[in-house]
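One letter stands for each residue in the lines below.
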Amino acid sequence: MTTRLAAALLTGAAISVTPGAVFAQEIIELPGEDRWLEADFEEVYRVGAAVGEAWQEFGTIRQVAFDAAGNLYVLDSLAGRIFVVAPDGGLLREFGRLGEGPGEFRTPTAMAVISDGQVVVANLGHQAYQIFDTRGEYVRQVHMDGEGGHRVPWMFPERDGESVVVGSQLAGFFFSGGRPGNIGPPARLVQRWSFAGEELARETIAQGWEPPRGDENRRLAFEPELEVDVLPGGGFAYSDSSAYEINVARFESGISRILTRPLPPEPVTERMERAERNRRLQDAGQGSVIRTPGGVSVTGGGGGDRARERIETLEFFGEVPVIRRLRTTWDGRIWVLRRGDEPVSDGPIDILAPDGRYIGSYRTGAVQLPDAFGPGGLAAFIERDELDVQTVVVKRLPRTVN
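Residues numbered from 1 in each chain as written. Predicted model: local features only at pLDDT ≥ 70, side-chain atom pairs only at ≥ 80, totals over all residues. Heavy atoms only, no water.

**Some details on the environment of Asn247**
Relative to the helices and strands, Asn247 is located in strand β17 (residues 245-250). As a C-alpha pair, Asn247 and Pro354 span 107 residues in sequence and 9.2 Å in three-dimensional space. (Helix = DSSP H or I, 4+ residues; strand = E, 2+ residues; numbered from the N terminus.)

This is the structure:
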């Protein structure tokens, strides 16, 4: 194990533990050859339509999530509304609205549905986390803390608990008081958040590896993400390096198991750097369409000379990470989205069990990574049709991958 861990440190795949945790981890090397699975998912229902019942005419679906009863929650940030869909696809209830008062939203950015049905909404415009009960009634709010800037991470509810687990990936960022200037990326911590008190209570449960950065502390292109999600029974899984390594950990004792596959990261070449700069310049020049409560607005492209300069002087991480995203099912399967043929592209999806078994993989394009997992094998996918209308398709996964 000593040799394996030393090699991980040399390649940038640092191993992190919580303070005081015992450094005793089982390293499981999974097979390198893919075992292909068939994406034979049963469709349960779909909601959302250009013309249909009024509640299904979604504006901008920001996030979807399930509760323990299999009800689907749809956060429509444009409408400032949360729709709760029953397991048969019918509307169960809806709550929230745009406004400045208690229980009203201004830039709702993310939500977490606790297993008993309580909902926490990150209301970026109000700089607060709002809590709603199982009936959708507003209970109270917990203010975000931060000096000038507020970072809102994606929140992953603890299974059968009242806390959420967060990493460094942001659902939104707000800076009040002028330009953010030289503010760097958030610390790569895995934390457990509790909203039980008047103030947000944070507990650090893992320290992710920090990629080296330059003098300006700017984020590097192709930098590996800190991907995290929860597991049943008081655990979580995360990936923090460019190598194929999944850390399986528990809240109280840190990493217990590391799952690896012999799929090495690819060194970044000059061709990759040129292509990525061109891609970013093209995206910046196209502008974007933004849906707001007042209508639809189109932002001009270009981003100014400063944005172009930042792209042209972009610094790169030395490797293209193998893992792009990581998510877990309610029953504990770990879905790992690998990179595709190009550095910024989706490839196959691996299905792993936290005890170290390799279940199999879905070929590139066979299925997208679900936007939410639910009990009983439910999975929700946000899709867009040819008119850019959003729908949510709920399917049931086979037992082997759930």
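**Re the sheet that holds strand β23 (residues 323-328)**
To summarise the sheet geometry, strands pair through backbone hydrogen bonds and adopt either a parallel or an antiparallel arrangement. The strand order across the open sheet built from four strands is β23-β24-β25-β26, with neighbouring strands paired in antiparallel fashion. Either end of the sheet is taken by a strand with one partner, and the two such strands are β23 and β26 (358-362). Across this sheet, the average inter-strand angle for adjacent strands is 20°, counted without regard to direction. In the sheet, β23 pairs with strand β24 (residues 334-339) via five bridges, with the strands oriented antiparallel. Across the sheet, the residue bridging to Ile323 is Arg338, located in β24. (Pairing = 2+ DSSP bridges. Axes fitted to C-alpha atoms, helices over the stretch in contact; angles between N-to-C directions.)

**Comments concerning empty space enclosed by the protein**
Scanning the entire structure with this criterion turns up one cavity of 30 Å³ or more. Roughly 50 Å³ of internal volume is contained in the largest cavity. Listing elements by their share of the lining of the largest cavity, those giving two or more residues are β11 (149-157), β12 (164-175) and β15 (227-231). With three residues, the single largest contributor to the lining of the largest cavity is β12. Its residues placed into classes, the lining of the largest cavity shows four nonpolar, three polar and two charged. (1 Å grid on protein atoms, 1.4 Å probe; cavity = no way out; pocket = protein on both sides within 12 Å on 5 of 7 lines; lining within 4 Å. Points joined across faces, edges and corners; volume = space filled by probe spheres on them. Nonpolar A, V, L, I, M, F, W, Y, C, P; charged D, E, K, R; others polar.)

**Here we look at the layout of surface pockets**
Taken as a whole, the second largest pocket holds about 610 Å³ of empty space. Gln63, Val64, Phe156, Asp371 and Ala372 are the residues nearest the centre of the second largest pocket, which is lined by 26 residues in total. Looking at the lining of the second largest pocket, the elements with two or more residues in it are β3 (61-66), β7 (108-113), β11, β15, β23 and β27 (372-373). At five residues, the largest contribution of residues to the lining of the second largest pocket is made by β3.

**Things to note about the pattern of salt bridges**
The final tally for this structure, using the stated rule, is 27 salt bridges. Arg46 is the salt-bridge partner of Glu43, the closest N and O atoms lying 2.9 Å from each other. Taking the relative accessible area as the measure of exposure, Arg46 reaches 45% and is therefore partly exposed. One salt bridge in this structure joins Arg338 and Asp350, with 2.8 Å as the shortest N-O distance. (Salt bridge = Lys/Arg side-chain N within 4 Å of Asp/Glu carboxyl O. Buried < 20%, exposed > 50% of the residue type's maximum accessible area, 1.4 Å probe, protein only.)

**Overview of the packing of aromatic side chains**
With the rule as written, the count across this model stands at 15 aromatic pairs. On the numbers, 5.9 Å between centres and 20° between planes, the contact of Phe236 with Tyr238 is stacked. Residue Phe236 is classed as buried on the basis of its relative accessible area, which comes to 0%. On the accessibility criterion, Tyr238 (0% relative accessible area) is buried. Taking 5.8 Å as the distance between ring centres and 15° as the angle between the ring planes, the aromatic pair formed by Phe236 and Phe251 counts as stacked. With Phe236 in strand β16 (residues 235-239) and Phe251 in the loop between β17 and β18 (254-260), this residue pair connects regions lying 15 residues apart in the sequence. For Phe251, a relative accessible area of 6% corresponds to the buried category. Taken together, the aromatic side chains of Phe41, Trp335, Tyr362 and Phe373 make up a single cluster linked through ring pairs. Arg192 extends its terminal NZ or CZ atom over the ring of Phe251, reaching a point 4.3 Å from the ring centre. (Phe/Tyr/Trp six-rings, centres within 6.5 Å; stacked < 30°, edge-to-face > 60°. Lys NZ or Arg CZ within 6 Å of the ring centre and 35° of its normal.)

**Concerning the nonpolar core**
The nonpolar side chains of a soluble globular protein tend to be buried with one another. Membership of the largest hydrophobic core comes to 18 residues, with the highest contact counts inside it found for Ala122, Tyr129, Val152, Met155, Val164, Trp193 and Phe195. Those elements giving two or more residues to this core turn out to be β7, β8 (119-123), β9 (128-132), β11 and β12. It is β12 that contributes the most residues to this core, three residues altogether. In this structure, Trp55, Phe66, Phe83 and Ile382 belong to the second largest nonpolar core, which totals 17 residues. (Core = buried A, V, L, I, M, F, W, Y, C linked by side-chain atoms within 4.5 Å.)

**What to know about the pairing of strand β28 (residues 378-384)**
Of all seven residues in β28, five are buried; the element is thus mostly enclosed. Summarising the sheet, β27 and β28 pair through two bridges and their orientation is antiparallel. Note on β28: the bridge partner recorded for Phe373 is Ala379. Taking the residues that link successive antiparallel strands as the turn, the β27-β28 hairpin has four residues, and the phi of Gly376 there is positive, at about 65°. In this structure, β28 lies alongside strand β29 (residues 390-396), joined through seven bridges in antiparallel fashion. Considered in β29, the bridge of Ala380 is made with Val394. The loop that links β28 with its antiparallel partner β29 comprises five residues; one of these, Asp388, has a positive phi angle of about 65°.

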